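Below are the chains, spelled out letter by letter.
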Amino acid sequence: MNDEEIRRVLGLLYQDDTLRTFASLVLGHPDGHSPEALRKLAAGGLAACDESGKWHATPERFRDLLRSRAEPAAQLSQEERVLRTFLVDGRLTTLTMSRDKRLILLRYVSRVFEPGVRYPEKDVDVALRAFHDDHAALRRYLVDEGLLSREGNVYWRSGGPVEI
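Read on for an overview of the structure. (Residues numbered from 1 in each chain as written. Predicted model: local features only at pLDDT ≥ 70, side-chain atom pairs only at ≥ 80, totals over all residues. Heavy atoms only, no water.)

This paragraph deals with the overall build of the protein. Scanning the protein from N- to C-terminus turns up eight helices and seven strands. The globule rule puts the C-alpha radius of gyration for 164 residues at 15 Å, and the 29 Å found for the protein is more than 25% above it. Principal axes of the C-alpha set define a box for the protein whose edges measure 85 × 30 × 25 Å. Evaluated residue by residue, the protein yields a buried proportion of 30% over its 164 residues. A sequence separation of at least 24 residues applies to 48% of the contacts in the protein between residues at least 6 apart. (Helix = DSSP H or I, 4+ residues; strand = E, 2+ residues; numbered from the N terminus. Rg over C-alpha atoms; globule rule 2.2 N^0.38 Å. Buried < 20%, exposed > 50% of the residue type's maximum accessible area, 1.4 Å probe, protein only. Contact = heavy atoms within 4.5 Å.)

On to helix α2 (residues 16-27). In an α-helix, one turn spans 3.6 residues, which is why side chains three or four residues apart end up on the same side. Helix length check: α2 (twelve residues) gives 16 Å between terminal C-alpha atoms against 16 Å at 1.5 Å per residue, within 8%. Within the sequence span of α2, burial applies to T18, T21, F22, S24 and L25. Considered in projection along α2, the buried side chains sweep an arc of 165° and stay on one side of the axis. In this structure, α2 carries D16, R20 and L27 as exposed residues pointing more than 90 degrees from its buried face. Taken together, the buried residues of α2 touch α1 (3-14), α3 (35-43), β1 (47-49), β2 (55-57) and α4 (60-69). G28, located one to two residues past α2, shows a positive phi value of around 80°. (Expected span 1.5 Å × (residues − 1). Arc of directions from axis to C-beta.)

Let us look at the packing of α1 against α4. Contact geometry of α1 with α4 gives a least axis separation of 11 Å together with a crossing angle of 145°. Between α1 and α4 lies a crossing whose hand is left-handed. Contacts between α1 and α4 pair D3, E5, I6, V9 and L13 from the former with R61, F62, L65 and R69 from the latter. Among the residues forming the contact of α1 with α4, the class breakdown is five nonpolar, no polar and four charged. (Axes fitted to C-alpha atoms, helices over the stretch in contact; angles between N-to-C directions. Left-handed = near helix turned anticlockwise from the far one by under 90°. Nonpolar A, V, L, I, M, F, W, Y, C, P; charged D, E, K, R; others polar.)

Among all positions of α3, only A37, L38 and L41 are buried. Each buried residue of α3 sits inside an arc of 100° when the element is viewed along its axis, so together they form one side. Exposed residues pointing more than 90 degrees away from the buried face of α3 are listed as P35 and A43. Two residues or fewer past α3, G45 is found with a positive phi of approximately 80°.

For the rest of this paragraph, the subject is unusual backbone geometry. Residue D89 is not a glycine yet carries a positive backbone phi of 55°. With respect to the helices and strands, D89 occurs in the loop between β3 (87-88) and β4 (91-92).

For the rest of this paragraph, the subject is the side chain of H33. Relative to the elements of secondary structure, H33 occurs in the loop between α2 and α3. Within the local environment of H33, its side chain forms a polar contact with the side chain of S24, the two groups lying 2.8 Å apart. Polar contacts involving the side chain of H33 include one to the main-chain carbonyl oxygen of H29, which spans 3.0 Å. Excluding its chain neighbours within four sequence positions, the residues that come into contact with H33 are T21, S24, L25 and L38. (Polar contact = N/O pair within 3.5 Å; in protein donor to acceptor, adjacent residues only side chain to side chain.)

Sheet analysis places strand β6 (residues 148-151) next to strand β7 (residues 154-157), joined by four bridges and oriented antiparallel. Opposite L148, over in β7, you have R157 as the bridge partner. In textbook terms, the turn of a hairpin is the stretch between consecutive antiparallel strands, and for β6 and β7 this stretch comprises two residues, one of which, G152, has a positive phi near 65°. (Pairing = 2+ DSSP bridges.)

Moving on to the pairing of β7. In this sheet, β7 lies alongside strand β5 (residues 118-120) in antiparallel orientation, the contact comprising three bridges. By the bridge assignment, P120 is partnered in β7 with V154.

All quantities given are derived from atomic positions and should not be read as evidence of function.
Right, dumping it as structure tokens:
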């Protein structure tokens, strides 16, 4: 489908007579259809007449036009799929998941800590609270997986991806 077909369909909806006729077909009102408007809608693929002579709207035409213009969906990596699934507005929805998925999320969370910087436990907790209410469990997972190291109440980043 090309731009001309899209312009034709939009043009039909811009005209009062065809817009009213299309709306009445969508709403199932059988009366008051202009034969000329029905002909125009049929030519644009927005209406069809069945064997019994009854007219009906064909709104699937919009879907077809959209599909013809849509870019193919980008293939997401495993990491991107996990992040989209378990992060909503930047917060983790749960901590109970498979270890592989949790590792992806923990690596993502570990990026808030600068390599080489030492953080007191209270600062670590504040940063982790932004991701999940159970910041203590999140901190423990980060330490257990070697993404954060701890000595006393001081933490530092010891693993995970580094932005270059």
